Amino acid sequence: MSEFFTVAILTATLTSGIRQAVPYLLAALGEAVSQRAGVLNLGVEGVMLIGAFSAYYATLETKSAAIGLLMGLLAGMFMGLIYAFITVVMHAEQGISGIGIYLFGLGFTDLLFQKQVGTPRPIQGLKTKPMNWLAEDTGRVGELLFSHTILTYVAFLLVPAVYWLVTRTTFGLNVRAVGENPHAADTLGVSVNGVRAAAIVFGNTMAGLAGAVLVLDIVQNFQQNLTAGRGFIAIALVYFGAWRPLRVMAGALLFGIVSSTVLTLQALDVISGSVTSIANMAPAVLTVIVLVVVSRRIGQPAALTKPFTRDA
Amino acid sequence: MQPPMLEMRNITKRFPGVVANEGVDLTVLPGQVHTLLGENGAGKSTLVKILYGLYQPDEGNISFDGSPINIDSPATAIGIGIGMIHQHFMLVDTLTVAENVALGLGKQLSLTNLKPIRQRIEEVSEEFGLRVNPDAYIWQMAVGERQRAEILKALYRNVRLLVLDEPTAVLTPPEVTDLFVTLKQLTADGRGLVFISHKLNEVMEISDEITVLRDGKVSGHTRPAECTRESLATLMVGRPVELTRTLEAQTPGTPKLEVHSLAVRGDRGKLAVEDVSLQVHAGEIVGIVGVSGNGQRELAEAIMGLREIESGEIAINSQQTSTPTPKQVRQMGLAYVPEERMKYGSIGDFTVAENLVLTDYNRPPYVRRGVLSLSAIEQRSKQLVDDYSIRTPNTQTLTRKLSGGNIQKVVLAREFSGDAEVLLVAQPTRGVDIGAAEYIHQQLLTQRKQGKAILLISEDLDEVMALSDRLVVMYEGAIMGQIPKQEATTEQIGLLMSGVS
């Protein structure tokens, strides 16, 4: 155990934690915007899988991680259009539709993987490290802050961007309004369904991106159920973060660091055998604890999960 | 004579199973207050929703400023200068006043610049004496302020024809006076107003023209100078209605309901009822007045055992308790007509018969050895349907299919027909038509005559004034004053309701 508490290992664990946090962060930021508009998407996990597989397969075929990234993004966007059609146009019950999307994503990606790839083949991920030149002579701090790949920086820059989008733009004002009181927005000529559809597409695109980052930056491979619950944890993070980007980021970092700590402890053989399985449950257990602690749901959009019709 | 601003001709709107508007005409001149009067469900809201582009008419046409127009969405209505103050405010609670005003303005991806909006809000509020802080969040604001924010929202958009759907329902008398001043100012500027109300006194005061709707059709068109409250009521209901209530003199008996220094917390954990003490005697109606949200609901729920008592106690028929439960207070002799008849007073998907025995189904003769006696229930419910003239096809009809007034009669029949000596009655005629309200008031007076002790909670000041022996005014959870009926004036009560003592 004592080996864990060396500066080198702690730094490596934290650095890895930041990287592990990225898929949570992207998916949760997207889901937060969707929920601010009043739409719950329980299918984040499924969309992440579809984004992950699209990115993986495209990279495998074209040898270009950039094309892979783009395909992951587009797959998420496409799923967003489908989910918007189901929930906004058809007024389907959001909880159940989301579970359907998850099951579809899980089964469909596995099917395609078996059909098209068969056995896992590693791919070359996105290796660009834009800040690495700063990491070399800044020691541990440099390693912690500057050794990441470009997608990590993009993800963290999206935090203020999403904050700005929600609080400072007309679109953001519309999102907040249709999530709280869609009838009020409607009477002022705001297209409730249009704003909600846009928020859904944004959220799903982010989920697709999260899946792509998982493949291109972390795993560099694919397997059945690659996301292993990350999408569901991202939904929990939205509640944990009280629908605010900054707090969502704090939650994502917490989960990323817990994941990387478990990995480090396994690598150091501090935990092994059946204990590993229990340790792997850490994110799930943490999720439950977090949700119990923040059960008051202050800040929850009042119209969350409620389809909009004028006659209501 | 000026040319009309708005002409709605022959408007017909059908919903599945109902004709909400049938051949309705409405003409509004600039500078005029045109009142739409009618019962709930008469079609007033449907008509103005058509005007605002929320519904499309099946037949008929609309012209604005002399040219025909198809108002296909609220955006179109706003574009030509039509504004609407909805009965349930269309404000986003978690946004500020300025943000609410900004909503729907500007391009999707542009920045929201609130600075000019704030400035304009201040100008407009100055001009019309509408005091509102542009940076206040809606959830922090009192009802009267929220309404001013709503009006500002419309004025900001240069509204020329403003529709007000029951704007006074939530206001205190002084606030109504203020609102009317603002409305006069708006018409003086040449704006047209469509005013919806069912309060006859107000209608007589503010209107230039009155169109009465009944069952979706225009049942009369008149002016205040040419009608009386009684004639308006007759047009609304379709038969003569008694508007005055007479309280026969009688001496109250012993105290039946006593509340001692009661304190109760509200939903947000703050004290909603503070140090409230009152007594209701046999054969007496005590009316609690106050603007909605000043602790009346919490008081009723505490007495009924639905909300924990923080401190103090209650006594029913001289049996004291500080930890009441609904079952216990009912056994002590309390009956309860809750303010939301559909949510707490009845179960919409139960039959009329089932709702009528909801408080008795666990007692013989309605249940024997755990099995419901359907024949006893049927007999009882038929009797009550007759006694309380509940208009229902039969006792097996689902309760939610009845009109509001008849659902309320179901609740009243169940609660009043038992042997309870104390009646706790909240908002008995809210959303009920004048005809049914007349009946419900008569029932309350009958119960009084039979020596029941009645605590009446209502936001309808006229109702409380007409029925009560004594008035208790609540403001921010505390009692502002207890006034015998003979000494009460609307002005004085209105001031107490706004917290001025």
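Participant: Go over the sheet that holds strand 9 (residues 209-214) of chain B with me, naming the residues and quoting the values.
Facilitator: Residues and elements named next belong to chain B. Strand order in the open sheet made by the 6 strands is 6-7-8-3-9-10, with mixed pairing throughout. The open sheet is flanked by strand 6 (82-85) and strand 10 (217-222), the only strands paired with a single partner. Adjacent strand axes in the sheet meet at a mean angle of 20° when their direction is disregarded. Two elements, strand 6 and strand 7 (residues 161-165), share 4 bridges in a ladder whose sense is parallel. If you follow glycine 83 over to strand 7, its bridge partner there is leucine 162.

Participant: Break down the sheet that holds strand 16 (residues 334-337) of chain B for me, with residues and values.
Facilitator: All names here are of chain B. Strand order across the open sheet formed by 6 strands is 16-19-20-13-21-22, with mixed pairing between neighbours. Two strands lie at the open edges of the sheet, namely strand 16 and strand 22 (478-484), each paired on one side alone. When the angles between neighbouring strand axes are averaged without regard to direction, this sheet yields 15°. As paired strands, strand 21 (residues 470-475) and strand 22 are joined by 6 bridges and run antiparallel to one another. By the bridge assignment for strand 22, methionine 474 is matched with isoleucine 479. Sheet strands in contact with helix 14 (residues 404-416) are strand 16 and strand 19 (422-426), and its direction is about 175° off that of strand 16. Across the sheet, helix 17 (residues 490-497) is in contact with strand 13 (284-289), strand 21 and strand 22; its angle to strand 21 comes to roughly 30°.

Participant: Any chance you could break down unusual backbone geometry for me, citing the residues and the numbers?
Facilitator: For the bond running from proline 364 of chain B to proline 365 of chain B, omega is 5°, close enough to zero to count as cis. Relative to the assigned elements, proline 365 of chain B resides in the loop between helix 12 (352-356) and strand 17 (367-368). Positive phi, close to 60°, is recorded for histidine 91 of chain A, a residue that is not glycine. For histidine 91 of chain A, the location among the structural elements is in the loop between helix 3 (65-89) and helix 4 (94-117). We classify histidine 91 of chain A as partly exposed; it has 13 C-beta atoms within 10 Å. Here the phi dihedral of glutamate 476 of chain B falls at roughly 45°; this positive angle occurs in a residue that is not glycine. Within the secondary structure layout, glutamate 476 of chain B lies in the loop between strand 21 and strand 22.

Participant: An account of the environment of alanine 135 of chain A is needed here, citing residue identities and associated values.
Facilitator: All names here are of chain A. With respect to the helices, strands and loops of the structure, alanine 135 is situated in helix 5 (residues 132-135). The class of alanine 135 is partly exposed, set by 19 C-beta atoms lying within 10 Å. Here alanine 135 is in contact with Gly142, Glu143, Phe146 and Ser147, once residues within four sequence places are set aside.

Participant: Let's hear about the pairing of strand 12 (residues 271-281) of chain B: which residues, and what values?
Facilitator: All names here are of chain B. In the sheet, strand 11 (residues 255-265) pairs with strand 12 via 7 bridges, with the strands oriented antiparallel. Counterpart to arginine 265 in the pairing with strand 12 is leucine 271. Counting the residues between successive antiparallel strands, the hairpin from strand 11 to strand 12 contains 5 residues, one of them, glycine 269, with a positive phi of roughly 90°.

Participant: Explain the interface of chain B and chain A residue by residue, including any values.
Facilitator: The interface of chain B with chain A comprises 24 residues on the first partner and 18 residues on the second. Residue assignment for the side of chain B that touches chain A shows that the elements contributing at least two residues are helix 2 (74-79) and helix 3 (97-102) of chain B. Looking at which element gives the most residues to the side of chain B that touches chain A, the answer is helix 2 of chain B, with 3 residues. For the side of chain B that touches chain A, the residue count by class is 13 nonpolar, 8 polar and 3 charged.

Participant: Please set out the environment of isoleucine 18 of chain A residue by residue, giving values where relevant.
Facilitator: Residues and elements named next belong to chain A. Positionally, isoleucine 18 belongs in helix 1 (residues 7-36). When the 21 C-beta atoms within 10 Å are taken as the criterion, isoleucine 18 is described as buried. In the structure, isoleucine 18 is positioned 235 residues away from leucine 253 in sequence and 6.1 Å away in space, judged by C-alpha atoms. Beyond its immediate stretch of four places on either side in the chain, isoleucine 18 contacts His148, Thr152, Leu253 and Gly256.

Participant: Break down the domain arrangement of chain B for me, with residues and values.
Facilitator: All names here are of chain B. Each assigned domain of chain B is listed with its residue range as follows: domain 1 (6-237) and domain 2 (255-333 + 419-497). The gap between the C-alpha centroids of domain 1 and domain 2 is 33 Å. Listed as interface residues are 10 residues of domain 1 and, on the opposing side, 11 residues of domain 2. With 3 residues, helix 8 (residues 229-237) is the largest single contributor of residues to the side of domain 1 that touches domain 2.

Participant: Hey, could you go over the packing of helix 1 of chain A against helix 7 (residues 150-168) of chain A for me, with residue numbers and the actual values?
Facilitator: Residue and element names in this part refer to chain A. Where helix 1 meets helix 7, the axes come as close as 9 Å, and the angle between the chain directions of the two elements is 20°. Comparing their axes, helix 7 and helix 1 come out roughly parallel. Judged by the twist between their axes, the crossing of helix 1 over helix 7 is left-handed. Contacts from Ile18, Arg19, Val22, Leu25, Leu26, Leu29, Val33 and Arg36 of helix 1 reach helix 7 at Leu151, Thr152, Ala155, Leu158, Val159, Val162 and Val166. Taken together, the residues of the contact of helix 1 with helix 7 break down into 12 nonpolar, 1 polar and 2 charged.

Participant: Please provide a residue-by-residue account of the confidence of the model for chain B, values included.
Facilitator: Of the residues in chain B, 99% have a pLDDT of 70 or more, and the chain-wide mean is 90. As a predicted assembly, this complex carries a pTM of 0.81 together with an ipTM value of 0.84.

Participant: Before we move on, could you go through the pairing of strand 4 (residues 59-64) of chain B and cite the residues and values that matter?
Facilitator: Residues and elements named next belong to chain B. Relative to strand 4, strand 1 (residues 6-15) is paired through 5 bridges, and the arrangement is antiparallel. Opposite leucine 6, over in strand 4, you have phenylalanine 64 as the bridge partner. Across 3 bridges, the pairing between strand 4 and strand 5 (residues 67-69) is antiparallel. Note on strand 5: the bridge partner recorded for phenylalanine 64 is serine 67.

Participant: Residues and numbers for the nonpolar core, please.
Facilitator: Formed by 232 residues in total, the largest nonpolar core has its most connected members in Ala28, Ala52 and Leu237 of chain A together with Val473 of chain B. If one sorts the elements of this core by residue count, helix 10 (residues 192-219) of chain A sits on top with 17 residues. There are two domains that each give this core at least three residues, and those are domain 1 (6-237) and domain 2 (255-333 + 419-497) of chain B. Every residue in contact with valine 473 of chain B, bar those within four places of it in the chain, is listed here: Val289, Gly290, Ile479, Met480, Gly481, Ile493, Leu496 and Met497 of chain B.

Participant: Lay out helix 14 of chain B with the relevant residues and their values.
Facilitator: All names here are of chain B. Between the first and last C-alpha of helix 14 there are 18 Å, a value that for 13 residues agrees with the 18 Å anticipated at 1.5 Å per step. Buried residues dominate helix 14, accounting for 12 of its 13 residues. The complete set of buried residues in helix 14 reads Gly405, Asn406, Ile407, Gln408, Lys409, Val410, Val411, Leu412, Ala413, Arg414, Glu415 and Phe416.

Participant: Now, about helix 13 (residues 374-387) of chain B: what can you tell me, with residues and values included?
Facilitator: Residue and element names in this part refer to chain B. Relative to the 20 Å expected for 14 residues at 1.5 Å per residue, helix 13 spans 20 Å between its end C-alpha atoms, a close match to the ideal helical length. Buried residues of helix 13: Ile377, Arg380, Ser381, Leu384 and Val385, and no others. When helix 13 is viewed along its axis, its buried side chains cluster within an angular range of 135° and face the same direction. Opposite the packed face of helix 13, turned more than 90 degrees from it, sit the exposed residues Ser375 and Asp386. Phi for serine 389, located one or two positions after helix 13, is positive at around 35°.

Definitions and limits used
Residues numbered from 1 in each chain as written. Chains lettered and ligands numbered in written order. Predicted model: local features only at pLDDT ≥ 70, side-chain atom pairs only at ≥ 80, totals over all residues. Pairing = 2+ DSSP bridges. Helix = DSSP H or I, 4+ residues; strand = E, 2+ residues; numbered from the N terminus. Axes fitted to C-alpha atoms, helices over the stretch in contact; angles between N-to-C directions. Contact = placed C-beta atoms within 7 Å. Buried ≥ 20, exposed ≤ 12 C-beta atoms within 10 Å, placed from the backbone. Nonpolar A, V, L, I, M, F, W, Y, C, P; charged D, E, K, R; others polar. Domains from an automatic or database assignment. Parallel < 35°, antiparallel > 145°, perpendicular 65-115°, else oblique. Left-handed = near helix turned anticlockwise from the far one by under 90°. pLDDT = per-residue confidence, 0-100. Core = buried A, V, L, I, M, F, W, Y, C linked by C-beta atoms within 7 Å. Expected span 1.5 Å × (residues − 1). Arc of directions from axis to C-beta.

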